[in-house]
Amino acid sequence: MDQLIHNVQRSLRRGVPEVWEDPDVARMTAENVTEHVLAALAGLVDAVEPGQIRTPVADPDRARRLAQHGTPVNALLRAFRLAQGVILDRLLEEMPRLTDDAALISAATRKLIVTMTEYIDRMSEQGVAVYQAERDRRLQWRLSVVNEAGLRIGTMLDIDRTAQELADLGTETFADLVTVDLLDSMLRGHVPPAAGPLLLRRVAQRTVVGGAPSSTIRLQQLHVSPDGSPQARALINGEPSRLAGPAEMPRDVDGGGGAGEHRVHSTLVVPLRARDCILGVAEFGRCRNPRLFDDEDLLLAQEIAARAAVAIDNARRYTHARSTALTLQRSLLPQHTAEQSAVEIAYRYLPAEAQAGVGGDWYDVIPLSGARVALVVGDVVGHGIHAAATMGRLRTAVRTLADIDLPPDELLTHLDDVVLRLSAEASPDGEPAGDIGATCLYAVYDPVSRQCTVARAGHVLPVVVSRDGTTDLLDVPPGPPLGLGGLPFEAAEFVLPEGSLLALYTDGLIEARDHDVETGVALLRHILGQPAASLQAACDTVLQALLPPDRPSDDVALLLARTHALGARQVASWDVDPDPVAVSRARSDVARQLVSWGLESLEFTTELMVSELVTNAIRYGRPPIRLRLIHDRALMCEVSDTSNTTPHMRRARTYDEGGRGLLLIAQLAAHWGTRHARQGKTVWAELSEKEPAGLVLGDLL
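About the cut-offs
- Residues numbered from 1 in each chain as written.
- Predicted model: local features only at pLDDT ≥ 70, side-chain atom pairs only at ≥ 80, totals over all residues.
- Heavy atoms only, no water.
- Helix = DSSP H or I, 4+ residues; strand = E, 2+ residues; numbered from the N terminus.
- Buried < 20%, exposed > 50% of the residue type's maximum accessible area, 1.4 Å probe, protein only.
- Areas by Shrake-Rupley, 256 points an atom, 1.4 Å probe, with all protein chains shown as cover.
- Contact = heavy atoms within 4.5 Å.
- Pairing = 2+ DSSP bridges.
- Expected span 1.5 Å × (residues − 1).
- Salt bridge = Lys/Arg side-chain N within 4 Å of Asp/Glu carboxyl O.
- pLDDT = per-residue confidence, 0-100.
- Axes fitted to C-alpha atoms, helices over the stretch in contact; angles between N-to-C directions.
- Parallel < 35°, antiparallel > 145°, perpendicular 65-115°, else oblique.
- Left-handed = near helix turned anticlockwise from the far one by under 90°.
- Nonpolar A, V, L, I, M, F, W, Y, C, P; charged D, E, K, R; others polar.
- Phe/Tyr/Trp six-rings, centres within 6.5 Å; stacked < 30°, edge-to-face > 60°.
- Polar contact = N/O pair within 3.5 Å; in protein donor to acceptor, adjacent residues only side chain to side chain.
- Patch = residues over 30% accessible without salt bridge, like charges linked within 9 Å, V, L, I, M, F, W, Y side chains within 5 Å.

A. Region of interest: the overall build of the protein chain. Along its length, the protein chain carries 17 helices and 21 strands. Out of the 701 residues in the protein chain, the part that is buried amounts to 49%. Total accessible area on the protein chain stands at roughly 33,600 Å², and carbon and sulfur atoms take up 53% of it.

If you want it as structure tokens, here you go:
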């Protein structure tokens, strides 16, 4: 009997080698062979009908386990037929030794073949039925895991979270530990090098055995994939691997037992490929589960890894696009405000929640001539990179228009034309389509007169807070939003006491789902009326009180400005008679004032500039003429008259007697220009106390 069983097993090892590769399957096959041989021989001895022979109780479970191990069904059928052949051959060899009756041997042979054939057919049918049922169940389970992967992986556009979702799903379904490594070059948006070591970053890992695996690689740690390793093959060729043992060096997982109790004994190495691009590699290991991974497990790992790779690639593309958009917006918004003495500034900007982290709101602080400052807040319709790009173009236009000292209402008129042109450029037929719209508030504060001139284009009203905490809305005449065209803008003038707080903001700050705009404005006024340690603290308090804990539903820009004033000690002015003789008196007055300010080093240069400016005003302007000096961060010299003629610099010819005045001023001054008022103009020049401008006489001749 033992020899027969041994012969059957030896035949199966040669004919069906795949069932002996896995030790667990081999042991189960040996047990199955023994029980079937014993059952078949017992049926022959007892002359039991083939349909009545008792089959091994464990036979259905073994067929089920073969299906679970991924053993092909044809291997099961071949094993039955090979065993039948070995048993028949052995029994037929023994018959002539028992009798010489040929008829009896023939009848016994027919009976033996019929019995064995019917028994094997019955076992095959039962085994295939159980095997197929288990295969169908595993197929349904695999489909459910893949479906669950589609629901659970990629819930957010975050690379690390998506990779961790892959690791979590893998350990909850068919693996004991999972690691996810991504190419560091892909995370940075670069193409991986064609040669050289592959640098990976560990972005996710999880184990269900006693905590984290005892790997020397930590999260976010960089490591190199060795050449020729399964990981390297997966990254270079996109080739998955199924290994008996760990993919790297042997490593243990802390399971609370002795050393080696939970050693990794089976590993799947699967590339993360999306859109013909390999992003990294995922490893699935088993240490507590005694079963080795089979081909179906590898197929399942590839399917969920493919879904995860697409989600990771989406997150990677989103991250790179968002980074590009943020870089663009940071370059478009002011990185820091220019130094000026007119106001103390604090500002905040928050993009909307559902976009790429960028929006169309902007703010700006623009120093102007005469120690004045322009405060700007605007809001482009829409969100995202297109709104940010439009915002950048409008902010540039505002700074350009402010540089020529246009009054607020005229500046908004020109800005409205800019929006109309941008809208026409975006329209296929070249006509303004109204797709580009914006609101803007432009204010100019003069610290000498403490006068603030404000105009708005469809924008919310600014809030002013006095030193005693009283708040009010500046009554600025309404203007149409930018981009409508053909409608006028009107400015309003206010005198602000020194220390007043001016709040400029966009509607995203005061609009919310739980209250209307009026309620938001009232809440803003209440908060601004409360004492604050600093303007920065006031900004934080306003945002915390008016905005939800997460990102707001609309872009938000907030600009706070506390006004300062320049007193009589910093400003000196004189009325100038329209007589050439008055030029010398003006030089003398300026010299005395500079001495009182301790600016003797600028005396010669300033007298020369004053002489040229006053002479031009007397010769080409109209009285009254007024000279003013302002000593702030720089020395500013201004000459005003009631003429609207704008002076222009030109290069005088060799024998020209005039035409060198403005060229001389341009050489002496750090900045100079002309600004127009309702009546007349002011020509101004600015001298730096730190680096006085040099005069090259040869260039002026």
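Having seen it, we continue.
B. The arrangement of the side chain of threonine 390 in detail. Looking at where threonine 390 falls in the secondary structure, it is placed in helix 10 (residues 384-403). When neighbours within four sequence positions are excluded, threonine 390 is seen to be in contact with Val380 and Ile436.

C. Fine view of the pairing of strand 2 (residues 198-207). Buried residues dominate strand 2, accounting for eight of its ten residues. When strand 1 (residues 177-183) meets strand 2, the two strands line up antiparallel, connected through seven bridges. Residue pairing in the sheet places leucine 177 in a bridge with threonine 207 of strand 2. Judged from the four bridges that link them, strand 2 and strand 3 (residues 222-225) form a sheet pairing that is antiparallel.

D. Representation of helix 10. Counted at 1.5 Å a residue, the expected span for helix 10 with its 20 residues is 28 Å, and the 29 Å between its end C-alpha atoms agrees. For helix 10, the complete set of buried residues consists of Gly384, Ala387, Ala388, Thr390, Met391, Gly392, Leu394, Arg395, Ala397, Val398, Leu401 and Ala402. Elements in contact with the buried residues of helix 10: helix 9 (295-332), strand 8 (359-367), strand 9 (373-383), helix 11 (408-426) and strand 10 (438-446). A positive phi of about 60 degrees marks aspartate 405, the residue just after helix 10.

E. Local environment of the pattern of salt bridges. Taken as a whole and judged by the stated rule, the model has 31 salt bridges. Between aspartate 577 and arginine 585 there is a salt bridge, with its nearest N and O atoms 3.2 Å apart. Of the residues examined, aspartate 577 reaches a relative accessible area of 44% and is grouped as partly exposed. The exposure class of arginine 585 is partly exposed, given its relative accessible area of 42%. Here the salt bridges do not stand alone but share partners, grouping Arg138, Arg286, Arg291, Asp294, Glu296 and Asp297 into one network.

F. Layout of the confidence of the model for the protein chain. Within the protein chain, residue pLDDT values average 81, and 79% of them lie at 70 or more. Counting contacts from residues 249-260, a segment whose pLDDT is below 50, to residues more than four positions away or on other chains yields 24 contacts.

G. Here's a closer look at the packing of helix 9 against helix 10. Relative orientation of the contacting elements helix 9 and helix 10 amounts to 15 degrees, with a least axis distance of 9 Å. Taken together, the axis directions place helix 9 and helix 10 in an arrangement best described as roughly parallel. In this structure, helix 9 meets helix 10 at a crossing whose hand is left-handed. Residues Ala325, Leu328, Gln329 and Leu332 of helix 9 form the contact with helix 10, whose own contacting residues are Ile385, Ala388, Ala389, Met391, Gly392 and Arg395. In the contact of helix 9 with helix 10, the residues fall into seven nonpolar, two polar and one charged.

H. Broad picture of the packing of helix 10 against helix 11. Running from N to C, helix 10 and helix 11 point in directions that differ by 145 degrees, and their axes come no closer than 10 Å. For the pair helix 10 and helix 11, the crossing hand works out as right-handed. Judged by residue contacts, Arg393, Leu394, Ala397, Val398, Leu401 and Ala402 of helix 10 engage Leu411, His414, Leu415, Val418, Val419, Leu422 and Glu425 from helix 11. A per-class count over the contact of helix 10 with helix 11 returns ten nonpolar, one polar and two charged.

I. Structural context of helix 5 (residues 102-152). The end-to-end C-alpha separation of helix 5 is 72 Å, in line with the 75 Å expected for 51 residues at 1.5 Å each. Once helix 5 ends, the next one or two residues include glycine 154, with phi positive near 90 degrees.

J. Here's a closer look at the packing of aromatic side chains. Tallying each qualifying case throughout the model produces three aromatic pairs. These aromatic residues form a ring-pair network of at least three members: Phe174, Phe284 and Phe293.

K. Seen up close, the sheet that holds strand 16 (residues 556-563). Strand order in this open sheet of five strands is 7-16-15-12-13, and the pairing throughout is antiparallel. Across the chains shown, the open sheet's two edge strands, defined by having one partner strand only, are strand 7 (343-350) and strand 13 (471-473). Taken over all neighbouring pairs, the strand axes of this sheet differ in orientation by 20 degrees on average, direction set aside. In this structure, strand 12 (residues 463-465) lies alongside strand 13, joined through three bridges in antiparallel fashion. From the neighbouring strand, valine 463 faces strand 13, where its bridge partner is leucine 473. The strands touched by helix 12 (residues 517-528) within the sheet are strand 12, strand 13, strand 15 (501-505) and strand 16, with strand 13 carrying the most contacts at an inclination of about 145 degrees.

L. How the structure looks around the side chain of arginine 201. Turning to its location among the elements, arginine 201 is positioned in strand 2. Within the structure, the side chain of arginine 201 is placed 3.0 Å from the side chain of aspartate 184, a separation counted as a polar contact. Excluding its chain neighbours within four sequence positions, the residues that come into contact with arginine 201 are Val180, Asp181, Leu182, Asp184, Leu187, Arg188, Gln220, Gln221 and Leu222.

M. Here's a closer look at a nonpolar patch on the surface. A contiguous nonpolar surface patch, about 220 Å² in accessible area, is contributed by Leu199, Leu222 and Val224. Its location among the elements puts leucine 199 in strand 2.

N. Quick look at the sheet that holds strand 21 (residues 681-687). Taking strand neighbours across the sheet as the criterion, the five strands line up as 17-18-19-21-20 in an open arrangement whose pairing is antiparallel. Edge positions in the sheet fall to strand 17 (571-576) and strand 20 (671-676), since each has one partner strand and no second. When the angles between neighbouring strand axes are averaged without regard to direction, this sheet yields 15 degrees.

O. Representation of the environment of leucine 558. Here leucine 558 shows up in strand 16. Residue class for leucine 558 comes out buried when judged on its relative accessible area of 0%. Sequence separation between leucine 558 and alanine 346 is 212 residues; the distance between their C-alpha atoms is 8.3 Å. Excluding residues within four positions of it along the chain, leucine 558 makes contact with Ala346, Tyr347, Arg348, Leu504, Tyr505, Leu509, Cys539, Val542 and Leu543.

P. Looking closely at the environment of leucine 594. Note that leucine 594 resides in helix 14 (residues 582-597). By relative accessible area, leucine 594 is classed as buried at 0%. Sequence-wise, leucine 594 and leucine 629 are 35 residues apart; in three dimensions their C-alpha atoms are separated by 9.3 Å. Contacts of leucine 594, omitting those with residues within four sequence positions, involve Leu599, Glu600, Leu602, Glu603, Thr606 and Leu635.

Q. Geometry of unusual backbone geometry. In this model, proline 623 is joined to proline 624 through a cis peptide bond whose omega is 0 degrees. One can find proline 624 in the loop between helix 15 (603-620) and strand 18 (625-631).

R. Molecular detail of the environment of alanine 388. Within the secondary structure, alanine 388 sits in helix 10. The exposure class of alanine 388 is buried, given its relative accessible area of 1%.

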